[in-house]
Amino acid sequence: MNIIQLYCRRISTGLLVAVSLIGPGAATAYGQSRALGLEEAIALSLNHSHTLKIANSQIDEAIATVKEAKNHRLPDIDVSGQYLRVNKPNVQLKIGGTQEANGEAEQGAATPNVSQAMFGMATATLPLFSGGRISSGIESAKYLEKAAELDAEDNRQQVIQNTVAAYVNLYKAQAAVKLVEENLRSSNRRVADFINMEANGLVARNDLLKVQLQESNLELALLTAKNEEQISNYNFDLMLGIAENTPLLLDSTVVEGRAAAGTLMDWEQTALNHRADEKALENRILAARAAVTGAKSSYYPTLALRAGYVAVNVPHALTVTNAMNAGAGLSYNLASLYKAGATVQRARAREEALNWNREQLQDDIKIEIHQAYQDLDQSLKKITVCQKAMVQADENFRITKNKYDNSLATTTDLLDADVARLQTHIDYEYAKADALVSYYQLHERAGITVALSASQQNEQPINRYHNK
């Protein structure tokens, strides 16, 4: 395998990795192109994201849960009524009759002719004291509502980061296509020159085959690069929710390197103060703590105000109206003395587990910040190195070309210098793109949003949040 084939394989592998964050897909026929800036891409992605829509539904569910918990403070009103049809029973009284002189019992009064009965009842109960069960339930629901909102914010940060990564991956694919096309045009001219020189006996047949082989390898690399560009473009269209197969014209200025202000310690502290997932876990701990209080409420009696109204109508027998009652009711389940302990223990174990989860998350945040900070620092240094290498490769190709024109270098030397020059240009574009991803990733892992407008890009996120 020669150096051209190695180069083609590297191009193909790099582009496959570049689109791995976007997902599988295929493009068939492309429509009208559309200019797309990074800020617009993020706005479209946030508006289209199914993840955020699910998160919003979960927030609505949490809000409804809070309302449901508050409703326990309202009185319960039960209304019931019955209508009964009854037959005429045979009734024989064996007691209470008077005796006549002949010893026969005096016939009693006639039994009422009852064929139906109606009665209704209404009761109202207003809880006064429940051992803290209602108040702790409301408190727990409020904390879980806040946790759901923070989960949505965390998802939003991830959507932004994924959009930036997809934007940069498409930029890298388009940059590779552009650079390979430029190099292929140069190779085509070189092949044409070598054909003429070979026909005039100025170069050997073997040298002509070498430059033709390079041309063929570049054509294969271009096919691979265009295929990966179309796949990246198609999947990015789906991510943004725009018409499929819409060619996207990206803003190349967004990939200019941006240095992050502040030290590593500053970023760690910022992450611990602003990470939405850490704050969401903190609210879940508070909700679990309220749940412990709610579990302990079983140890206490319940007190409630009660009122009722009863109406009865049994034709020819009984009528009751305006039967009202009101008072207070006290109840206590003695079984709670030995049953509630397990419930309280389970609630405490849940709180303890969440506390340990928070400790683990804080360690993970520090690790993520350290890695993201070092990645950004490395990416910015890599831009400098690649820029230097690009200048060196251009100069090396110029010198080698002069030597070859003066028969001081071989065709292989010329082709190697050309491949090295192309590779350094691709590496430079990739380094700038990777630095942008690292920049956004550091902010995402710190829990802060990067300002996208031109007037805000020069602001320092660390200082801005510290001033708050």
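The model shown is predicted, which means the values in this text are computed figures rather than measured ones.

Here we look at the overall build of the chain
Here is step 1: Helix and strand counts for the chain stand at 10 helices and six strands.
Here is step 2: Considering the chain as a whole, with its 468 residues, one finds that 38% of them fall into the buried category.
Here is step 3: When contacts within the chain are restricted to residue pairs at least 6 apart in sequence, those whose partners lie at least 24 apart make up 84%.
Here is step 4: When the accessible area of the chain is evaluated, it comes to approximately 26,700 Å², of which 52% is carbon and sulfur surface.

Concerning the pairing of strand β5 (residues 302–314)
Here is step 1: Pairing of strand β3 (residues 116–129) with β5 involves 11 bridges; the strand directions are antiparallel. By the bridge assignment, G120 is partnered in β5 with A311.
Here is step 2: The pairing of β5 with strand β6 (residues 318–331) spans 12 bridges and is classified as antiparallel. Across the sheet, V314 pairs through a bridge with L318, a residue of β6.
Here is step 3: What sits between the antiparallel neighbours β5 and β6 is a turn of three residues, in which H316 has the positive phi angle 70°.

As for the packing of helix α5 (residues 205–240) against helix α9 (residues 411–446)
Here is step 1: For the pair α5 and α9, the least separation of the axes is 9 Å and the interaxial angle reads 20°. For the element pair α5 / α9, the angle class is roughly parallel. The interaxial crossing formed by α5 with α9 has right-handed handedness. Residues D207, K210, V211, Q214 and L218 of α5 touch α9, and the partners they reach there are T411, T412, L415, D418, V419 and L422.
Here is step 2: Broken down by class, the residue content of the contact of α5 with α9 amounts to five nonpolar, three polar and three charged.

What to know about the packing of aromatic side chains
Here is step 1: Overall, the coordinates contain four aromatic pairs when judged by the stated rule.
Here is step 2: With a centroid separation of 6.4 Å and an interplanar angle of 80°, the aromatic rings of F129 and Y300 are classed as edge-to-face. Here Y300 lies in the loop between α7 (276–296) and β5 and F129 lies in strand β3, a separation of 171 residues in the sequence.
Here is step 3: Exposure remark for Y300: the relative accessible area of 45% places this residue in the partly exposed category.
Here is step 4: Between Y439 and Y440, the aromatic rings sit 6.0 Å apart at their centres with planes inclined by 80°, giving edge-to-face as the arrangement. An identical accessibility class is assigned to Y439 and Y440; each is buried.
Here is step 5: When the ring centre of F397 is taken as origin, the NZ or CZ atom of R421, which lies over that ring, is 4.0 Å away.

Topic: the pattern of salt bridges
Here is step 1: One pass over the structure, following the stated rule, counts 15 salt bridges.
Here is step 2: Note that D434 is salt-bridged to K172, the shortest N-O span being 3.0 Å. One end of the pair, D434, is in helix α9; the other, K172, is in helix α4 (residues 133–199), with 262 residues separating them in the sequence.
Here is step 3: K172 sits in the buried class, given a relative accessible area of 9%.
Here is step 4: Each of the salt bridges in this network shares a partner with another, and the network as a whole consists of R190, D418 and R421.

Structural notes on unusual backbone geometry
Here is step 1: One non-glycine residue with positive phi stands out, namely N322, at about 60°.
Here is step 2: Tracing the backbone through its elements, the reader meets N322 in strand β6.
Here is step 3: Positive phi is not limited to glycine here, since S407 has a value of about 60°.
Here is step 4: Here S407 lies in the loop between α8 (336–405) and α9.

Remarks on the packing of α4 against α9
Here is step 1: It is the contact of α4 with α9, at a shortest axis distance of 9 Å, that shows an interaxial angle of 170°. Put simply, α4 runs roughly antiparallel to α9.

Focus on α9
Here is step 1: Its 36 residues give α9 an end-to-end C-alpha distance of 52 Å, which sits within 8% of 52 Å, the value for a rise of 1.5 Å per residue.
Here is step 2: Counting buried positions along α9 yields 28 of 36 residues, so the element is predominantly enclosed.
Here is step 3: Positive phi appears at G447, one or two residues downstream of α9, with a value of about 80°.

Focus on the sheet that holds β3
Two orientations exist for strands paired in a sheet by backbone hydrogen bonds: parallel and antiparallel.
Here is step 1: Reading across from one edge, β2-β3-β5-β6 is the order of the four strands in this open sheet, with antiparallel pairing throughout. Among the strands making up the open sheet, the edge pair consists of β2 (76–85) and β6. Looking at each pair of strands side by side, their axes are set apart by 10° on average, direction ignored.

With respect to the side chain of T246
Here is step 1: The residue T246 is located in the loop between α5 and β4 (248–250) in this model.
Here is step 2: A polar contact of 2.6 Å, which involves the side chain of T246, links it to the backbone oxygen of A243.
Here is step 3: Residues within four places of T246 in sequence aside, it is in contact with Q32, R34, N233 and D237.

Describing the pairing of β3
Here is step 1: Taken together, the 10 bridges between β2 and β3 define a ladder with antiparallel strand orientation. The residue bridging L84 from the neighbouring strand is A117, located in β3.

Topic: the confidence of the model for the chain
Here is step 1: With 85% of its residues at a pLDDT of 70 or more, the chain has an overall mean of 84.
Here is step 2: Throughout residues 1–29 the model reports pLDDT below 50, and contacts reaching past four residues in sequence, or to other chains, amount to 51 contacts.
Here is step 3: Note that pLDDT drops below 50 for residues 453–468; the model gives that stretch 20 contacts with residues more than four away or on any other chain.

So, the environment of V437
Here is step 1: Locating V437 in the fold gives a position in helix α9.
Here is step 2: Accessibility expressed as a relative area gives 19% for V437, which makes it buried.
Here is step 3: Between the alpha carbons of V437 and N169 there is a distance of 9.5 Å; along the sequence they are 268 residues apart.
Here is step 4: V437 has contacts with Q161, V164, A165 and V168, leaving out every residue within four places of it along the chain.

Calculation criteria
Residues numbered from 1 in each chain as written. Predicted model: local features only at pLDDT ≥ 70, side-chain atom pairs only at ≥ 80, totals over all residues. Heavy atoms only, no water. Helix = DSSP H or I, 4+ residues; strand = E, 2+ residues; numbered from the N terminus. Buried < 20%, exposed > 50% of the residue type's maximum accessible area, 1.4 Å probe, protein only. Contact = heavy atoms within 4.5 Å. Areas by Shrake-Rupley, 256 points an atom, 1.4 Å probe, with all protein chains shown as cover. Pairing = 2+ DSSP bridges. Axes fitted to C-alpha atoms, helices over the stretch in contact; angles between N-to-C directions. Parallel < 35°, antiparallel > 145°, perpendicular 65-115°, else oblique. Left-handed = near helix turned anticlockwise from the far one by under 90°. Nonpolar A, V, L, I, M, F, W, Y, C, P; charged D, E, K, R; others polar. Phe/Tyr/Trp six-rings, centres within 6.5 Å; stacked < 30°, edge-to-face > 60°. Lys NZ or Arg CZ within 6 Å of the ring centre and 35° of its normal. Salt bridge = Lys/Arg side-chain N within 4 Å of Asp/Glu carboxyl O. Expected span 1.5 Å × (residues − 1). Polar contact = N/O pair within 3.5 Å; in protein donor to acceptor, adjacent residues only side chain to side chain. pLDDT = per-residue confidence, 0-100.

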